[in-house]
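Below are the chains, spelled out letter by letter.
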Amino acid sequence: MKKHIEEICREASEAMVRAADNDALAKVRRQYLGKNGILTGEMKKLKTLPVGEKADFGAAVNDAKTRLEEVFAEHRDRLERSALRKRLEEEAIDVTLPATKIQAGHTHPVTQVMEEIQEIFIGMGYQVVEGPEVEYDYYNFEALNIPDDHPQREEQNPLKINENILLRTQTTSVEIRVMERQRPPICAIASGRVFRAQEADRNDLPNFHQIEGLVIDKNITFSDLKGTMASFARHMWGDLARVKFRPYKYPYNEPSAKMDVSCFHCGGKGCPVCDGAGWIEVLGCGMIHPKVLAMSGIDPDVYSGFGFGLDVERITMLKMQISDIRLLYENDESFLAQF
Amino acid sequence: MKITLSWIKNYVPELSVTPQEFADVMTMSGTKVSAWERIDRNLEQIVVGKIRWMMKHPDAENLTIVTVDIGTDRPIQCITAADNIKQGDRVPVALVGGKVDRLHDSEESGSDGVRIQRETIRGMVSEGVLCSVKELGFIRETTDDSPAYEIFVFDEEAEVGADAVKILGLSDVLFTIEPPSARKDCFRVLGLAREVAAVFGLPFRDPAVRFAENEEKIEDYLTVKVRDGVLCPRYCARVIKNVQLGPSPRWMQRMLVSCGIRPVNNLVDITNFVMEEYGQPLLAFDLDSLNGHTLILEHGEDGNKFRTLDGQLRNVGSQTLMLCDSQMPIGIAGIMGGARTKVSESGRNIVLEAACFDGAYIRRMSSQLELTTEISKRFARGLDANYAEDGLNRACQLIEELGCGEIVGGMIDECSTVVGSRRISFTPDWINHLLGTRIPREEMLELLSRLGCEYDPVNNDIITPIGRQDLESEAELAGEISRLYGYDKIPVTIPRVETTRGSLPLKMKIEQIAGNLAEFYGYSQIMTYSFDDPVVFDRLRLPEESPLRDAIRIQNPLSEELSIMRTTSIGHMLSTLGLNAERKHRHFSAYEIANIYIPRDLSRSELPEERTQFTLGAYGRDDFFAMKGIAEEFLRRTGLRDTPVYDPASEKPFLHPGRQANIVYDGQIIGFLGEVHPLVAEDYGILQRVTIAVLDLPEIVSRASFEPHFTGLNRHTRISRDINLLVQEKTPAGNVRRWILDQAGDLLERLELADVYQGEQIGKGLKSMTWHLRFQASDHDITEEEAARSIERILRGLTNHKVVLR
């Protein structure tokens, strides 16, 4: 009898070895160990055996069962491993196929430069403020010491709405609005659109952006202005940036200056970006005229201050080497995607 | 403005600098020198030659062989086609190896000059070139009196063999100078020379003006009446008898030519010369043709026309200041005269006018007449009335010197509003305080004196020079002192301001959120003009009564296309999408954050309301629902956490009537979105579906909040259930959602529409909706029964709306 069990056991083991996959293996297991399986059937014979053989036979069948289960488990693991290996092999991909496109949008270059400048001044403790783009003549000219017959009016070529209202030609108008509503100490910058009656060409647009800065407190000096602008230039164009102040004459600033920065492209040696000069004019600045302070309700005997302003498109073009300002407002995807 | 170094040196004789030094120092003192060039840059080895003999070329009828003595042992042989020379003439000769600006028979402009070579012309050797004015480099301004094909002939005294360029005064430098517009004094040679003297710390030599008048009285010749002393603050005139016209001397021609002014005759050249030197426009009239020997300055009459010297008939009116004789106008004051009183022959008596007109008036009138002249440009800048008399006298001096006429005694000076010097108290401490410097007061006084300022020690006043009306107060004195002292010598410090906190206003923070979000979803930022074309309203199919049509008009627009301030951001967005479609970009998603301008009142005396719009537009990729998703995410990020309501009755004519909605929050419309009407899209050149969304930022800023707070975490179990409903085709999902929520009770923790299906398996006029429901209780683990009860209630409620379980 025992031999017979051994025989079954051997057959079953061989069948399990032969099983090509898990399904076949499970079938073999059912065939021998299932409810109606061969070994299970052998167990049923136990009742018919004499008492003396019962124990031995029972132990032999159970032992066979255990062994077969072990063999089964072993082959099951083997088959699963090989099936997984096969699956992974089959699932290999061509890693050189193109990537799924993640297309994030692009910030407009003018905004990038505007935000960069804003961040520098926020870091220096400046408040960002805004003012209206359609503005009273008073804020754009009169309060800035630019009376009706001043040649600056013609130079700035305003687009007018009526006698008293125009499209602001400079963000300097915001300086006046800030001075009117705030008491010193004032540290503010304003950015935004300005407008001039000039035809669009490579260098000019009728609609562009400026950033304006304003500092007013007791004891603010021209040397403070120089220091602040130099520090701005280093933040903006790197530690090696040098600055140069040329006297100028803004009606609202006295003394006033144009600031040149050493060419950020060639470092000052001279190149096409700086027209060979080694220097690039980047902003206008000056001490706020006492008349302007007084007109806006700030006592010029107690306070002094400085202001500065720059054209954002111009800086953007220089920084990103854009040769035609009109590209900035054309909004071609192939252009925008480069920034 | 252009000026030569030699002209400046006339008044600053001690000036000795290289052109580059001059340019650098002047620029750093505030007078920008934008360019300079040597007038003789292309002239090399040109000497004075004396013609020994001449003979016809044996083989060319129109050529002459000239033997020229050039001060060496051996004379040289030249060949020329010119016929204005004779034996004994002294002429400029460019030697072999030398250089001329260009050859007289070539049209090309010789930017690098032409090298002279030994040549053989029809068998005869030429060893040099006899020069016309063209070879000498001033063809652009050449006068009729010295045509290009004639050889230039020197005066007798020119030394043979000497450097011709030096004798011609061509070893000079031409500077292009851009003074600040407020420095009116620097737009004239004298003022500029004074500035040069101040900057270099050299003495300034004022021209000494002296001339003789005859015994007669001007009043016997001329009467002048000025009827508007505001627009004409000064009118000076002198009478010149028996004027003799002819060419002006070469030195004067050369000075004018080098500054780009064409010499005409002695009288015109004198007026131009004085206009450059003094900045004062001068006009000459033929006195003999003046009716009544009278000049009247008065306003014209509406509807009148006047023919100006350039032959154009111009509309003048009661706004226009006209110069008239006793019967009729003879010129438009300060802008241009007429032909009748032009001085055109010798022997006549003339009036020389030096007037001053209101700058703003001339600017206005000049643009109204669309006529800008050399004199109108000068007046428009705002002239100092003091120049009138000085300039007129200087002209008389030159007239006398050049034998151009006899000066009648006396000058007519009407109005004579003259602004004199100004007194400004001298405050060195305040100035040092403002500049952050410690400049000694003596040094300040020295710097100011260079500008012509005087110091009155008794009153401690600075007395400003005449012609410097821009010096008004201590601030300007500080400006002058600092620039002459040198900006580079002023220390560099950082302001010690009481601490201020850097910050971005809420509105700009929200704009940044909008931008970041849009870019995250693939939208690129665009920038378009604030101007718009009035045609935009028709293109957007807006009805006549649409309030958007009420836009602010610009009085002086650049063109009709840029003539209004936009009241909607849609037009430019669609144009931009159209441009990209035309350029074959398969898809494009764009956003813009910029203002629209809504007028507040009809009279336009108030500033418009500027409303910042967050505009999204896309074709080829994102559809209505994608854009709706961005809009909702934007609202959530700015703290508007409730789900907005979408009202399909938004009635935007430029949108697809079945695919548009107002975005409503708190009962307020805060924006809209929709697919663009196919006809509108086509009009903008886009043949695909286009979706746009506009969020009105002021509405969002006023509701935004950035104070998120933790509301606890519910860890009790959740139960998920899907229900599949049959819904009438026309019933919006938003309604079904509301009906479910009405009945669900507190246990329904999340509700999502998972799928909408319409097809054969569903009855006609119906659609199937699969809703995903998730239940959770706040205080205990929810039971199956509780969820089932809630669903039962929901379904019961839905039957009232003809919605049943599928």
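In this text the structure is predicted, and so the values were computed from the model without any measurement.

Visitor: Please give an account of the overall build of chain A that cites residues and values.
Guide: Helix and strand content of chain A: twelve helices and nine strands. For 339 residues, the compact-globule formula gives about 20 Å, and the C-alpha radius of gyration of chain A, at 43 Å, lies well above that figure. Buried residues in chain A amount to 53% of all 339 residues. In chain A, of all internal contacts separated by at least 6 residues, the share reaching a separation of at least 24 is 67%. For chain A, the accessible area works out to roughly 15,600 Å², and carbon and sulfur atoms hold 49% of it. Of the charged side chains in chain A, 43 are positive and 53 negative, and the gap between their average positions amounts to 12 Å.

Visitor: Which residues make up the confidence of the model for chain B, and what values go with them?
Guide: Residues and elements named next belong to chain B. For chain B, the average pLDDT comes to 91, and 97% of its residues sit at 70 or higher. Between the elements of chain B, mean pLDDT differs from a low of 84, seen in helix 5 (residues 250–258), to a high of 98, seen in strand 27 (residues 524–525). Scored below 50 in pLDDT, residues 140–145 makes twelve contacts in the model with residues more than four places away or belonging to other chains. Listed scores for the predicted complex are pTM 0.83 and ipTM 0.84.

Visitor: How would you explain the domain arrangement of chain A if you had to name every residue and give the values?
Guide: Split into domains, chain A comes out as domain 1 (2–90) and domain 2 (109–336). Distance between the C-alpha centres of domain 1 of chain A and domain 2 of chain A: 90 Å.

Visitor: Any details on the packing of helix 5 (residues 109–123) of chain A against helix 9 (residues 222–237) of chain A? Residues and values, ideally.
Guide: Angle between the axes and distance between the axes: these two values describe a pair of packed helices. Residue and element names in this part refer to chain A. Contact pair helix 5 / helix 9: the axes reach a minimum separation of 10 Å and the direction vectors enclose 130°. One way to sum up the angle between helix 5 and helix 9 is to call them oblique. As helix 5 runs across helix 9, the sense of the crossing is right-handed. Between helix 5 and helix 9, the residues in contact are Val-113, Glu-116, Ile-117, Ile-120 and Phe-121 and Met-229, Phe-232, His-235 and Met-236, respectively. Here the contact of helix 5 with helix 9 is composed, by residue class, of seven nonpolar, one polar and one charged.

Visitor: Before we move on, can you summarise helix 5 of chain A with the specific residues and values?
Guide: All names here are of chain A. Taking 1.5 Å of rise per residue, 15 residues should cover 21 Å, and helix 5 covers 21 Å from first to last C-alpha, within 8% of that figure. Regarding helix 5, the residues found buried are Pro-109, Val-110, Thr-111, Val-113, Met-114, Ile-117, Gln-118, Ile-120 and Phe-121. Two residues or fewer past helix 5, Gly-125 is found with a positive phi of approximately 95°.

Visitor: Account for the packing of helix 2 (residues 22–33) of chain A against helix 4 (residues 51–90) of chain A, with residues named and values stated.
Guide: Residues and elements named next belong to chain A. Contact geometry for helix 2 and helix 4: axes closest at 10 Å, N-to-C directions at 170°. Viewed along their axes, helix 2 and helix 4 adopt a mutual orientation that is roughly antiparallel. Between helix 2 and helix 4, the residues in contact are Asn-22, Leu-25, Ala-26, Arg-29, Tyr-32 and Leu-33 and Lys-65, Leu-68, Glu-69, Phe-72, His-75, Arg-76, Leu-79 and Glu-80, respectively. Residue classes in the contact of helix 2 with helix 4 are distributed as seven nonpolar, two polar and five charged.

Visitor: Would you mind going over the side chain of Gln-397 of chain B in detail, with residue names and values included?
Guide: Residue and element names in this part refer to chain B. Looking at where Gln-397 falls in the secondary structure, it is placed in helix 9 (residues 386–401). Gln-397 gets classed as buried once you look at its relative accessible area, which sits at 6%. Within the structure, the side chain of Gln-397 is placed 2.9 Å from the side chain of Arg-394, a separation counted as a polar contact. If near-sequence neighbours (up to four positions away) are discounted, Gln-397 is found in contact with Ala-208, Val-209, Arg-210 and Phe-211.

Visitor: Can you lay out the interface of chain B and chain A for me, pointing to particular residues and giving the numbers?
Guide: Many descriptions give the size of an interface as the accessible area lost when the pieces come together. At the interface, 87 residues of chain B touch 87 residues of chain A. Between the two partners, chain B and chain A, sit seven salt bridges. Note that Arg-583 of chain B is salt-bridged to Asp-332 of chain A, the shortest N-O span being 2.8 Å. Elements with a minimum of two residues in the side of chain B that touches chain A: helix 2 (19–28), helix 7 (359–369), helix 10 (428–435), helix 12 (474–485), helix 13 (506–520), strand 27, helix 15 (570–582) and strand 30 (588–598) of chain B. Ranked by residue count, the leading element in the side of chain B that touches chain A is helix 12 of chain B, at seven residues. Taken together, the residues of the side of chain B that touches chain A sort by class into 37 nonpolar, 27 polar and 23 charged.

Visitor: Give a description of the environment of Met-255 of chain B that names residues and reports values.
Guide: Residue and element names in this part refer to chain B. Locating Met-255 in the fold gives a position in helix 5. With a relative accessible area of 11%, Met-255 lands in the buried category. Expressed as a C-alpha distance, the spacing of Met-255 and Ser-6, which sit 249 residues apart in the sequence, is 8.7 Å. Not counting chain neighbours up to four residues away, the residues in contact with Met-255 comprise Trp-7, Asn-10 and Phe-273.

Visitor: Give me the side chain of Asp-470 of chain B: which residues, what numbers.
Guide: Here Asp-470 of chain B shows up in the loop between strand 26 (461–463) and helix 12. In this view, Asp-470 of chain B contacts Lys-249 of chain A together with Ala-182, Arg-183 and Glu-476 of chain B; residues no more than four positions away in its chain are not counted.

Visitor: Residues and numbers for the sheet that holds strand 38 (residues 766–776) of chain B, please.
Guide: Residue and element names in this part refer to chain B. Read from one edge of the open sheet, four strands run 37-38-36-39, paired in antiparallel fashion. On the outer flanks of this sheet lie strand 37 (748–757) and strand 39 (804–805), each paired with one strand and no other. As judged from the eight bridges shared by strand 37 and strand 38, these two strands associate in the antiparallel manner. Residue pairing for strand 38: Glu-752 is matched across the bridge by His-772. Packed on one face of the sheet, helix 20 (residues 784–799) meets strand 36 (718–728), strand 38 and strand 39 and runs near 15° to strand 36.

Visitor: Describe the packing of aromatic side chains, and please don't skip the residues or the numbers.
Guide: As enumerated under the stated definition, the model contains 25 aromatic pairs over all chains in all. Ring centres of Tyr-138 of chain A and Tyr-139 of chain A lie 5.2 Å apart, and the angle between their planes is 85°; this geometry places the pair in the edge-to-face category. On the basis of relative accessible area, Tyr-138 of chain A is assigned to the partly exposed category, the value being 27%. Accessibility expressed as a relative area gives 12% for Tyr-139 of chain A, which makes it buried. Relative to Phe-379 of chain B, the ring of Phe-357 of chain B lies with its centre 5.0 Å away and its plane at 80°, an arrangement referred to as edge-to-face. Here Phe-379 of chain B lies in helix 8 (residues 374–380) and Phe-357 of chain B lies in the loop between strand 21 (350–356) and helix 7, a separation of 22 residues in the sequence. One aromatic cluster is present, built from ring pairs that chain together Phe-121, Tyr-126, Phe-232, Trp-237, Phe-264 and Phe-308 of chain A. Note that Arg-177 of chain A overlies the ring of Tyr-139 of chain A, its terminal NZ or CZ placed 4.1 Å from the centroid. Lys-652 of chain B extends its terminal NZ or CZ atom over the ring of Phe-672 of chain B, reaching a point 4.7 Å from the ring centre.

Visitor: For the environment of Leu-687 of chain B, give the residues involved together with the corresponding values.
Guide: Locating Leu-687 of chain B in the fold gives a position in the loop between helix 17 (678–683) and strand 35 (690–696). In sequence terms Leu-687 of chain B and Val-701 of chain B are 14 residues apart; their C-alpha atoms lie 36 Å from each other.

Visitor: Tell me about the pairing of strand 5 (residues 207–217) of chain A, and name the residues and values.
Guide: Residue and element names in this part refer to chain A. Of all eleven residues in strand 5, eleven are buried, a share of seventy percent or more. Residues Asn-207, His-209, Ile-211, Gly-213, Val-215 and Asp-217 line one face of strand 5 and the alternating positions Phe-208, Gln-210, Glu-212, Leu-214 and Ile-216 line the opposite face, and both faces are buried. Alignment of strand 5 against strand 9 (residues 304–311), held across eight bridges, turns out to be antiparallel. Considered in strand 9, the bridge of Asp-217 is made with Ser-304.

Visitor: Explain the pattern of salt bridges to me, and be specific about the residues and the numbers.
Guide: All names here are of chain B. Enumeration according to the criterion identifies 70 salt bridges over all chains in this entry. Residue Glu-511 is joined to Lys-507 by a salt bridge in which the shortest nitrogen-to-oxygen separation is 2.8 Å. Remark: Lys-507 and Glu-511 occur in helix 13; sequence separation between them is four residues, near one turn of the helix. The salt bridge partner of Arg-611 is Asp-696, with a shortest N-O separation of 2.8 Å. With Arg-611 in strand 31 (residues 609–619) and Asp-696 in strand 35, this pair connects stretches of sequence that are 85 residues apart. Taken as a pair, Arg-611 and Asp-696 share a single burial class, namely buried.

Visitor: How would you summarise unusual backbone geometry if you had to cite specific residues and measurements?
Guide: Glycine aside, negative phi is the norm for most residues, and most peptide bonds take the trans geometry. The linkage connecting Pro-184 of chain A with the following residue, Pro-185 of chain A, adopts the cis geometry, with an omega of 0°. The topology assignment puts Pro-185 of chain A in the loop between helix 8 (172–181) and strand 4 (186–195). The omega torsion across Glu-254 of chain A and Pro-255 of chain A is -5°, close enough to zero to call that bond cis. One non-glycine residue, Glu-651 of chain B, lies in the positive phi region at around 50°. Relative to the assigned elements, Glu-651 of chain B resides in the loop between strand 32 (645–647) and strand 33 (655–665).

Visitor: Quick rundown of the sheet that holds strand 5 of chain A? Include the residues and the values.
Guide: Residue and element names in this part refer to chain A. Spatial ordering of the open sheet is given by 1-4-5-9-8-7-6, a layout of seven strands whose pairing is mixed. At either margin of the open sheet sits one strand with a lone partner, and together these are strand 1 (127–129) and strand 6 (243–248). Across this sheet, the average inter-strand angle for adjacent strands is 25°, counted without regard to direction. Note: strand 6 against strand 7 (residues 253–262), six bridges, orientation antiparallel. Note that in strand 7 the partner of Arg-246 across the bridge is Lys-258.

Calculation rules
- Residues numbered from 1 in each chain as written.
- Chains lettered and ligands numbered in written order.
- Predicted model: local features only at pLDDT ≥ 70, side-chain atom pairs only at ≥ 80, totals over all residues.
- Heavy atoms only, no water.
- Helix = DSSP H or I, 4+ residues; strand = E, 2+ residues; numbered from the N terminus.
- Rg over C-alpha atoms; globule rule 2.2 N^0.38 Å.
- Buried < 20%, exposed > 50% of the residue type's maximum accessible area, 1.4 Å probe, protein only.
- Contact = heavy atoms within 4.5 Å.
- Areas by Shrake-Rupley, 256 points an atom, 1.4 Å probe, with all protein chains shown as cover.
- Lys, Arg positive; Asp, Glu negative; His and termini not counted.
- Charge placed at Lys NZ, Arg CZ, Asp CG, Glu CD.
- pLDDT = per-residue confidence, 0-100.
- Domains from an automatic or database assignment.
- Axes fitted to C-alpha atoms, helices over the stretch in contact; angles between N-to-C directions.
- Parallel < 35°, antiparallel > 145°, perpendicular 65-115°, else oblique.
- Left-handed = near helix turned anticlockwise from the far one by under 90°.
- Nonpolar A, V, L, I, M, F, W, Y, C, P; charged D, E, K, R; others polar.
- Expected span 1.5 Å × (residues − 1).
- Polar contact = N/O pair within 3.5 Å; in protein donor to acceptor, adjacent residues only side chain to side chain.
- Salt bridge = Lys/Arg side-chain N within 4 Å of Asp/Glu carboxyl O.
- Pairing = 2+ DSSP bridges.
- Phe/Tyr/Trp six-rings, centres within 6.5 Å; stacked < 30°, edge-to-face > 60°.
- Lys NZ or Arg CZ within 6 Å of the ring centre and 35° of its normal.

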